[in-house]
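Chain and residue survey
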Amino acid sequence: MAESENNLSEAGEERVELSDVQWRARLSPEQYHVLREKGTDPPFAGVFTHPGPDGIYRCAACGAELFDSTVQFDSGSGWPSFSEPLVAESVELHEDTSHGMVRTEVTCRRCGGHLGHVFDDGPGPTGARWCINSTSLDLGERPPAR
Ligand code: FE
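What you see is a predicted model, and the numbers here were worked out from it, not measured in a lab.

**Overview of the pairing of strand 10 (residues 129-132)**
Where burial is concerned, the two faces of strand 10 agree: the one with Arg129 and Cys131 and the one with Trp130 and Ile132 are both buried. Summarising the sheet, strand 6 (residues 81-82) and strand 10 pair through two bridges and their orientation is antiparallel. Within the sheet, the bridge partner assigned to Phe82 lies in strand 10 and is Trp130. Where strand 9 (residues 114-119) and strand 10 come together, four bridges link them in antiparallel fashion.

Right, here's the structure in full:
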């Protein structure tokens, strides 16, 4: 991540703000569609649909750490499902009334990329089901001494 691409918001948070042309150059067509145009992976098609290797899921657009593999569960929905984000500050929530539904959209706080939606029918203690597109995620190694 080049230093010049990072901007600090008024709150002092690191933000990544790129033009559509820059995002198209950086992302694959599939990533651009999901992350920048709020697309949705076909169900059961994503590489992270089912829980797999241990690690930390990062935003595929900006690299922000978003979800820990230890809170991923198999929801049967066809999309990667998590009981909570790594830290609440890594994501932003927005009311989404598209497609005749009222849902809560989840975006990456650092870059604004569309991640998925969060629902309140999760099986775990949080009661939440964070339903995230595989295309929006990269799985990396867990940083040491977390
Ligand atoms: Fe991001």
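Having put the structure on the table, let's press on.
**What about the sheet that holds strand 4 (residues 65-68)?**
Read from one edge of the open sheet, three strands run 4-3-11, paired in antiparallel fashion. The outermost strands of the open sheet, each flanked by one partner alone, are strand 4 and strand 11 (137-140). Recorded for the sheet is a direction-independent mean angle of 35 degrees between the axes of neighbouring strands. Relative to strand 11, strand 3 (residues 56-59) is paired through four bridges, and the arrangement is antiparallel. Note that in strand 11 the partner of Arg58 across the bridge is Asp138.

**Some details on the nonpolar core**
Cys59, Leu66 and Trp130 are the most contacted members of the largest nonpolar core, which totals 27 residues. Going through the elements one at a time, helix 2 (29-37), strand 3, strand 4, strand 8 (103-108), strand 9 and strand 10 are the ones with two or more residues in this core. For Cys59, the residues in contact, after removing those within four places along its chain, are Leu35, Ala64, Leu66, Cys108, Cys111 and Ser136.

**A look at the packing of aromatic side chains**
Considering all chains together, one arrives at four aromatic pairs under this definition. With a centroid separation of 5.1 Å and an interplanar angle of 80 degrees, the aromatic rings of Phe48 and Tyr57 are classed as edge-to-face. For the pair shown, Phe48 and Tyr57 are each scored as buried. Measuring from centroid to centroid gives 5.2 Å for Tyr57 and Phe82, while their planes differ by 75 degrees, and the two rings are edge-to-face. Taken as a pair, Tyr57 in strand 3 and Phe82 in strand 6 lie far apart in primary sequence, 25 residues in all. On the accessibility criterion, Phe82 (0% relative accessible area) is buried. By way of ring pairs, the aromatic residues Phe48, Tyr57, Phe67, Phe82 and Trp130 are connected into one cluster. Note that Arg24 overlies the ring of Tyr32, its terminal NZ or CZ placed 4.0 Å from the centroid.

What counts and what doesn't
Residues numbered from 1 in each chain as written. Predicted model: local features only at pLDDT ≥ 70, side-chain atom pairs only at ≥ 80, totals over all residues. Heavy atoms only, no water. Buried < 20%, exposed > 50% of the residue type's maximum accessible area, 1.4 Å probe, protein only. Helix = DSSP H or I, 4+ residues; strand = E, 2+ residues; numbered from the N terminus. Pairing = 2+ DSSP bridges. Axes fitted to C-alpha atoms, helices over the stretch in contact; angles between N-to-C directions. Core = buried A, V, L, I, M, F, W, Y, C linked by side-chain atoms within 4.5 Å. Contact = heavy atoms within 4.5 Å. Phe/Tyr/Trp six-rings, centres within 6.5 Å; stacked < 30°, edge-to-face > 60°. Lys NZ or Arg CZ within 6 Å of the ring centre and 35° of its normal.

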